[in-house]
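# An overview of the molecular structure
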Amino acid sequence: MAEVILKNVCKIYEGKNKVVTDANFTVKDKEFVVLVGPSGCGKTTTLRMIAGLEEISSGEIFIDGKVVNALPPKDRDIAMVFQNYALYPHMTVYENMAFGLKLKKVDKKEIDVRVKEAAKILSLESFLDRKPKALSGGQRQRVAVGRAIVRKPKVFLFDEPLSNLDAKLRVQMRTEISKLHKQLEATMIYVTHDQTEAMTMGNKIVVMKDGIINQVDTPMNLYNNPVNKFVAGFIGSPAMNFLSGKIIGNDKLSFKSNGGSIKFELTANQSKRMSKYSDKEIIIGIRPENISIEKPNENSFPVEVNIEVIEPMGNETFVYFQLDGIQFISRLREYENLFSGNIVRLFIQVERVYFFDKETGDNIN
């Protein structure tokens, strides 16, 4: 398999509409990298430039050590799996999987070996004689993946392959693609707007917004050490809560929210980081799981809240309430005695609070 490198890659459409700006990242050999971000952030365009389906406006793309800017897709030794499966309806599963190899004039015996090998990996052996209309959505997607596998490419590219599947099938296919990556020891680049998919599948995640790469990191580093407010809010489900306020005090610093709902004293470590922000407005971030109904430690402060909505999820409960007119969400362990309209005391862990520059959105660390 092969390494993929993007150096200062840009895509500008007519009218100077810049879709991707200075994309720089490396996908190592046998690595599974996920491009994630909201719709319109440029992740699919980036994938299509790697595939050769979109011309790049500037920069360089390397596959297996070679610059491929001018190479057509067929010469890049990649295989792409699309969102809509792109299967030929008049062909059987076997014929769909074999079609690309026939075009390359691969020997019939070799085609048969590769197709049956891929069908075994994907549990499609009993479906080889069926046509796509006789398959479920998950089975069709496996055929699309199988068509890519038989080509034995240097790089696999996935463009939101699970978007058309229902929730249960998505989880199942997510697991199958992850197992497939380990089994094939393949280099894979996967595009999704679903941060749960990104967190559970990728060895490394590229987070994009408005055509700009915000952070490239491991899933847990993205979660624990987001570089800015956008990454902090995008990675994690339910999303991080945010609230504006001011750092006050001189020797002992505190944070006070603009509406007065929250006030707490910073830890010694936080005070060192935030000393230059004294008397300045910032934004704090609090993950839902760091708001609890029981006091977790001495570095916790209480807030009185009026519960607006309760969402019981079985092993946990999502509780919605407002602070300074901003909707917050807490992720609690199962609590059967909480109801909408209850006024309760919740505790927020001070050492788990994130601080963001109000102007730049950067994480203050």
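Calculation notes
Residues numbered from 1 in each chain as written. Predicted model: local features only at pLDDT ≥ 70, side-chain atom pairs only at ≥ 80, totals over all residues. Heavy atoms only, no water. Helix = DSSP H or I, 4+ residues; strand = E, 2+ residues; numbered from the N terminus. Buried < 20%, exposed > 50% of the residue type's maximum accessible area, 1.4 Å probe, protein only. Contact = heavy atoms within 4.5 Å. Areas by Shrake-Rupley, 256 points an atom, 1.4 Å probe, with all protein chains shown as cover. Domains from an automatic or database assignment. Buried area = accessible area lost by both parts, 1.4 Å probe. Pairing = 2+ DSSP bridges. Salt bridge = Lys/Arg side-chain N within 4 Å of Asp/Glu carboxyl O. Axes fitted to C-alpha atoms, helices over the stretch in contact; angles between N-to-C directions.

Counting its secondary structure elements, the protein contains nine helices and 21 strands. For the protein, the spread of C-alpha atoms along the three principal axes comes to 75 × 50 × 35 Å. Out of the 365 residues belonging to the protein, those deemed buried represent 49%. Counted over contacts in the protein with a minimum sequence separation of 6, partners at least 24 positions apart contribute 67%. Looking at the protein as shown, the accessible area adds up to about 17,900 Å², and 47% of this sits on carbon and sulfur atoms.

This part is about the domain arrangement of the protein. In terms of domains, the protein is made up of domain 1 (4–234) and domain 2 (241–357). Centre-to-centre, using C-alpha coordinates, domain 1 lies 39 Å away from domain 2. In this assembly, seven residues from domain 1 lie in contact with six residues from domain 2. In this assembly, domain 1 packs against domain 2 so that about 640 Å² is buried in total across both faces, 61% of it on carbon and sulfur atoms. It is Tyr223, Lys229 and Ala232 that lose the most area in domain 1 upon contact with domain 2, and together they represent 74% of the buried surface on that side.

A few words now on the sheet that holds strand S15 (residues 291–292). Pairing is antiparallel across the open sheet formed by three strands, whose spatial order is S15-S20-S16. A single partner strand is all that each edge strand has here, and the edge strands are S15 and strand S16 (300–306). Bridge analysis of S15 against strand S20 (residues 343–349) gives two bridges, and the strand direction is antiparallel. Across the sheet, Ile291 pairs through a bridge with Ile348, a residue of S20.

The omega torsion of the bond from Ser237 to Pro238 falls at 0 degrees, within 30 degrees of zero and hence cis. Along the chain, Pro238 turns up in the loop between helix H8 (229–234) and strand S11 (241–248). With a phi close to 70 degrees, Asp279 is a non-glycine residue in the positive phi region. Within the secondary structure, Asp279 sits in the loop between helix H9 (268–274) and strand S14 (281–286).

As for its placement among the helices and strands, Phe347 is situated in strand S20. A residue is classified by how much of its surface remains accessible, and Phe347, at 12% relative accessible area, is buried. Along the backbone, Phe347 and Ser300 are 47 residues apart, and their C-alpha atoms lie at a distance of 5.9 Å. Discounting chain neighbours no more than four positions away, the residues touching Phe347 are Asn290, Ile291, Ser292, Ile293, Glu294, Lys295, Pro296, Ser300, Phe301 and Pro302.

With that out of the way, let us pick up the pattern of salt bridges. If the charged atoms of two oppositely charged side chains come close together, the side chains can form a pair. Under the criterion given, the structure shown has 17 salt bridges. Put simply, Lys295 and Glu298 hold a salt bridge, and the shortest N to O gap is 3.9 Å. Classification of Lys295 as partly exposed rests on a relative accessible area of 44%. By relative accessible area, Glu298 is classed as exposed at 69%. Residue Glu304 pairs with Arg345 through a salt bridge whose shortest N-O separation is 3.2 Å. With Glu304 in strand S16 and Arg345 in strand S20, this residue pair connects regions lying 41 residues apart in the sequence. One network of salt bridges, in which partners are shared, links Lys11, Arg48 and Glu54.

Sheet strands line up and pair through hydrogen bonds in the backbone, either parallel or antiparallel. Spatial strand order, S6-S7-S8-S3-S9-S10: six strands in an open sheet with mixed pairing. The strands lining the two open edges of the sheet, one partner per strand, are strand S6 (78–81) and strand S10 (212–217). Averaged over neighbouring strand pairs, the angle between their axes works out to 15 degrees when direction is ignored. Note: strand S7 (residues 155–159) against strand S8 (residues 187–192), five bridges, orientation parallel. From the neighbouring strand, Leu157 faces S8, where its bridge partner is Ile189.

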